[in-house]
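# Residue-level structural notes
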Amino acid sequence: MCAVLSLAYAVAIPYLPEYFPKYAALHVFLAALACVLLMLALLATLLALRQTGPDRWARPLRAWGLIVLVCAVLFLIPGMVTSALEVFFTISAALLARGIWLLLNTDKHL
């Protein structure tokens, strides 16, 4: 829920660094915070589900770690948030959430 609120506030605050530099910095902070909170929520979910069957949830946990690693590399190489980072995070987090949902609703391992 905190991730949703953080993202909603980030969307509501305009990113106009030349006119409102403090609001632009707040916008970037809230958007990044939403991503971090989403990944922490997915990790908490995966760790809780792992208690029910460690083998079943090992692959999504590895995927979570890979997403975090690639996002860190995509951030550290240019030293800022880029379109590549935004696109990668959005697609990979959505696919991970979908994979978790599918594993919860099927008897098969993905």
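The structure displayed is predicted, hence computed values, not measured ones. (Residues numbered from 1 in each chain as written. Predicted model: local features only at pLDDT ≥ 70, side-chain atom pairs only at ≥ 80, totals over all residues. Heavy atoms only, no water.)

## Thoughts on helix α3 (residues 54-76)
Selection criterion: Helix and strand assignments come from DSSP, with helices taken as H or I runs of at least 4 residues and strands as E runs of at least 2, each series counted from the N terminus. Given a helix with a known number of residues, its expected span is that number minus one, times 1.5 Å. Residue exposure (1.4 Å probe, protein chains only): buried if accessible area is under 20% of the type maximum, exposed if over 50%, otherwise partly exposed. Note on contacts: a residue pair is in contact if any heavy atoms of the two residues lie within 4.5 Å.
With 23 residues, α3 extends 32 Å from end C-alpha to end C-alpha; this agrees with the ideal 33 Å at 1.5 Å per step. Listed in full, the buried residues belonging to α3 are Arg-56, Trp-57, Pro-60, Leu-61, Trp-64, Ile-67 and Cys-71. Looking at the packing, one finds that the buried side of α3 touches α2 (21-50) and α4 (83-105).

## Describing the packing of α3 against α4
For any two helices packed against each other, one specifies the crossing angle of their axes together with the interaxial distance. Put simply, the rule is: Axes, fitted as lines to C-alpha atoms, cover a helix only where it is in contact. Angles between the N-to-C directions of the axes lie from 0 to 180 degrees. Should an angle fall under 35 degrees it is called roughly parallel, over 145 degrees roughly antiparallel, and 65 to 115 degrees roughly perpendicular, with every other angle called oblique.
Between α3 and α4, the shortest axis-to-axis distance is 10 Å and the interhelical angle comes to 170°. Accordingly, the angle class assigned to the pair α3 and α4 is roughly antiparallel. Facing α3, whose interface residues are Arg-56, Trp-57, Pro-60, Ala-63, Trp-64, Ile-67, Val-70, Cys-71, Leu-74 and Phe-75, α4 presents Ala-84, Leu-85, Phe-88, Phe-89, Ser-92, Ala-93, Leu-96, Ile-100, Leu-103 and Leu-104.

## Focus: the environment of Asp-55
One can find Asp-55 in helix α3. Put simply, Asp-55 and Cys-35 are 20 residues apart on the chain and 27 Å apart in space, counted from C-alpha to C-alpha.

## Remarks on the confidence of the model for the protein chain
To keep it simple, the criterion reads: The pLDDT value tells you how sure the predictor is about a given residue, anywhere from 0 up to 100.
With 96% of its residues at a pLDDT of 70 or more, the protein chain has an overall mean of 91. Per-element confidence in the protein chain ranges from a low mean pLDDT of 84 for helix α1 (residues 2-12) to a high of 96 for α3.

## Considerations on α1
Turn by turn, an α-helix covers 3.6 residues, leaving residues three or four places apart pointing in a common direction. As a reminder, the rule being used: Arc definition: it is the arc formed by the directions from the helix axis to the C-beta atoms.
Residues of α1 that are buried: Ala-3, Ser-6 and Ala-10. In a view along the axis of α1, the buried residues occupy a sector of 65°, so they form one face of it. For α1, the exposed residues set more than 90 degrees away from the buried face come down to Val-4, Tyr-9, Val-11 and Ala-12. Elements that come into contact with the buried residues of α1 comprise α2.

## Observations regarding the nonpolar core
Spelled out, the test is: Working definition of a nonpolar core: buried Ala, Val, Leu, Ile, Met, Phe, Trp, Tyr and Cys residues. They are joined through side-chain atoms within 4.5 Å.
Of all hydrophobic cores here, the largest spans 16 residues; its most connected members are Met-39, Leu-42, Leu-46, Trp-57, Trp-64, Leu-96 and Ile-100. Those elements that place two or more of their residues in this core are α2, α3 and α4. At 6 residues, the largest contribution of residues to this core is made by α4. With residues near it in sequence (within four places) discarded, Trp-57 still touches Leu-46, Leu-49, Arg-50, Thr-52, Ile-100, Leu-103 and Leu-104.

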